[in-house]
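Observations on chain architecture
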Amino acid sequence: MPKHILIVDDSKTVRNLVAFIMRKEGFKVTAAEDGLDGLEKLYVDQQVDLIITDINMPRMDGITFIKTVREQDIYRDIPIVVLSTEGEERDIHVGLSIGANLYMVKPAQPEVMVRNVKMLLG
């Protein structure tokens, strides 16, 4: 059974690229266009093994999305990777302090992203 990754990003290009990379590695992928859409997909599917999320998104940003996911016992242990253009030290600190397992700055190298995802799922 392939591991299931939820990709949350308002950029269709980024969603498609990350989805392509992860599918090529044999993962099942679900894509969402913002935090609200991400929560809906998470609640409907429930069997998500890892989340990759952006920070800057309309309707619900990545910070609110991660906090909401982490507040729920059933999702508390899902690894979360932030993939964002925000690369300042404070942005990274905030992302990790609210519950992200890893913070990657765009554009991330596909090999590094795959290696990190496999490590977190390991």
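In short, a report on the structure. This structure is a prediction, so every number in the text was calculated from the model and none was measured. (Residues numbered from 1 in each chain as written. Predicted model: local features only at pLDDT ≥ 70, side-chain atom pairs only at ≥ 80, totals over all residues. Heavy atoms only, no water.)

Structural notes on the packing of helix α2 (residues 35–45) against helix α3 (residues 62–70)
Contact geometry of α2 with α3 gives a least axis separation of 9 Å together with a crossing angle of 25°. The orientation of α2 with respect to α3, classified from their angle, is roughly parallel. Here α2 runs over α3; the crossing is right-handed. Contacts between α2 and α3 pair Gly35, Gly38, Leu39, Leu42 and Tyr43 from the former with Phe65, Thr68 and Val69 from the latter. (Axes fitted to C-alpha atoms, helices over the stretch in contact; angles between N-to-C directions. Helix = DSSP H or I, 4+ residues; strand = E, 2+ residues; numbered from the N terminus. Parallel < 35°, antiparallel > 145°, perpendicular 65-115°, else oblique. Left-handed = near helix turned anticlockwise from the far one by under 90°. Contact = heavy atoms within 4.5 Å.)

Some thoughts on helix α1 (residues 12–24)
With 13 residues, α1 extends 18 Å between its outermost C-alpha atoms, agreeing within 8% with the 18 Å of an ideal straight helix rising 1.5 Å per residue. Along α1, the residues classified as buried are Arg15, Val18, Ala19, Ile21 and Met22. End-on, the buried residues of α1 take up no more than an arc of 165°, which puts them together on one face. Within α1, the exposed residues directed more than 90 degrees away from the buried face are Lys12, Thr13, Leu17, Phe20 and Lys24. Where α1 terminates, the next one or two residues include glycine 26, which has phi positive at roughly 95°. (Expected span 1.5 Å × (residues − 1). Buried < 20%, exposed > 50% of the residue type's maximum accessible area, 1.4 Å probe, protein only. Arc of directions from axis to C-beta.)

Remember that the coordinates give geometry; whether it matters functionally is a separate question.
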